[in-house]
Amino acid sequence: MADPFFMLDTNIISELMRASPNPNVMRLSNEREGLCAISSTTWNELLFGVQRMTAGKKKDLLFKDLIDDIQANFPIIEYDRHAAWIQADIRSRLADAGIPVDFQDTQTASIAVSNNLILVTRNTKHFEQIQKVTTLMMENWFSPVQD
């Protein structure tokens, strides 16, 4: 497996797990197989979402999919010391400018920046302010323009 080039946000993984995922997201995921990873923040959000579900077959199936499909096929990039430095810088710059930003979004962005990965997300608006103060690269695979 090659080193990852793309880091998929939670909303992209959630889309891939749907019964009928967006065709463009599916196509790009297949074309870039082996080049994608997820952050430890995304892994946490996915696990948390499933653990909050009511016990039953659906919860069991989703948890199995997380382990058998997601964990098995996407390297999980850890939030480390370098990412922490970047996140602190992002948060302080945005706080100084009076711009509130979600902690998990800055953590996700800092992992992408520290590993020089392109963040793939549908929620580009969540990261636009972060992009202004970092070298964060982003793509939205829901948009049919990507190739």
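A brief look at the structure comes next. (Residues numbered from 1 in each chain as written. Predicted model: local features only at pLDDT ≥ 70, side-chain atom pairs only at ≥ 80, totals over all residues. Heavy atoms only, no water.)

Side note on the nonpolar core
In this structure, Leu 8, Ile 13, Ile 70, Phe 74 and Trp 141 are the most contacted members of the largest nonpolar core, which totals 20 residues. Elements with a minimum of two residues in this core: strand S1 (6-8), helix H1 (10-16), helix H2 (23-31), strand S2 (36-39), helix H3 (40-51), helix H4 (57-73) and strand S4 (118-120). Ranked by residues supplied to this core, first place goes to H3 with 4 residues. Beyond its immediate sequence surroundings of up to four residues, Leu 8 is in contact with Ile 13, Leu 16, Cys 36, Ala 37, Ile 38, Thr 42, Phe 74, Val 120 and Trp 141. Judged by nonpolar contacts, the second largest core, of 17 residues, contains Leu 94, Ala 112, Ile 130 and Leu 136. (Core = buried A, V, L, I, M, F, W, Y, C linked by side-chain atoms within 4.5 Å. Buried < 20%, exposed > 50% of the residue type's maximum accessible area, 1.4 Å probe, protein only. Helix = DSSP H or I, 4+ residues; strand = E, 2+ residues; numbered from the N terminus. Contact = heavy atoms within 4.5 Å.)

Observations regarding the sheet that holds strand S3 (residues 76-77)
Across the sheet, which stays open at both edges, the 5 strands sit in the order S3-S2-S1-S4-S5 with parallel pairing between neighbours. Looking at the sheet topology across the chains shown, the edges are occupied by S3 and strand S5 (137-139). Judged from the 3 bridges that link them, S1 and S4 form a sheet pairing that is parallel. The residue bridging Leu 8 from the neighbouring strand is Val 120, located in S4. Running at roughly 70° to S2, H3 makes contact with S1, S2 and S3 of the sheet. (Pairing = 2+ DSSP bridges. Axes fitted to C-alpha atoms, helices over the stretch in contact; angles between N-to-C directions.)

Some thoughts on unusual backbone geometry
Leaving glycine out, the prevailing phi sign among residues is negative, and the prevailing peptide bond configuration is trans. Positive phi values are uncommon outside glycine, yet Asn 116 reaches one of about 55°. Counting through the fold element by element, Asn 116 comes out in the loop between helix H6 (103-114) and S4.

Digging into the packing of aromatic side chains
The description of two aromatic rings rests on the distance between their centres and on the angle between their planes. If you walk through the whole model with that rule in mind, you get 2 aromatic pairs. Measuring from ring centre to ring centre gives 5.1 Å for Phe 5 and Phe 6, while their planes differ by 85°; the resulting arrangement is edge-to-face. For Phe 5, a relative accessible area of 44% puts it in the partly exposed group. Summarising the aromatic geometry, the rings of Phe 6 and Trp 141 are spaced 5.5 Å apart at their centres and angled 65° between planes, so their arrangement reads as edge-to-face. Taken together, the residues Phe 6 in strand S1 and Trp 141 in the segment after S5 connect sequence positions 135 residues apart. Each member of the pair, Phe 6 as well as Trp 141, is classed as buried. Each member of the aromatic cluster is reached from another via a ring pair, and the members are Phe 5, Phe 6 and Trp 141. The ring of Phe 142 carries the charged tip of Arg 122 above its face, separated from the ring centre by 3.9 Å. (Phe/Tyr/Trp six-rings, centres within 6.5 Å; stacked < 30°, edge-to-face > 60°. Lys NZ or Arg CZ within 6 Å of the ring centre and 35° of its normal.)

Quick notes on the packing of helix H5 (residues 81-96) against H6
Contact geometry of H5 with H6 gives a least axis separation of 8 Å together with a crossing angle of 125°. One element, H5, and the other, H6, form an angle in the oblique class. Along this stretch, H5 crosses H6, giving a crossing that reads as right-handed. Packed against H5, whose contacting residues are His 82, Ala 83, Ile 86, Gln 87, Ile 90 and Arg 91, the element H6 presents Phe 103, Thr 106, Gln 107, Ser 110, Ile 111, Val 113 and Ser 114 at the interface. (Parallel < 35°, antiparallel > 145°, perpendicular 65-115°, else oblique. Left-handed = near helix turned anticlockwise from the far one by under 90°.)

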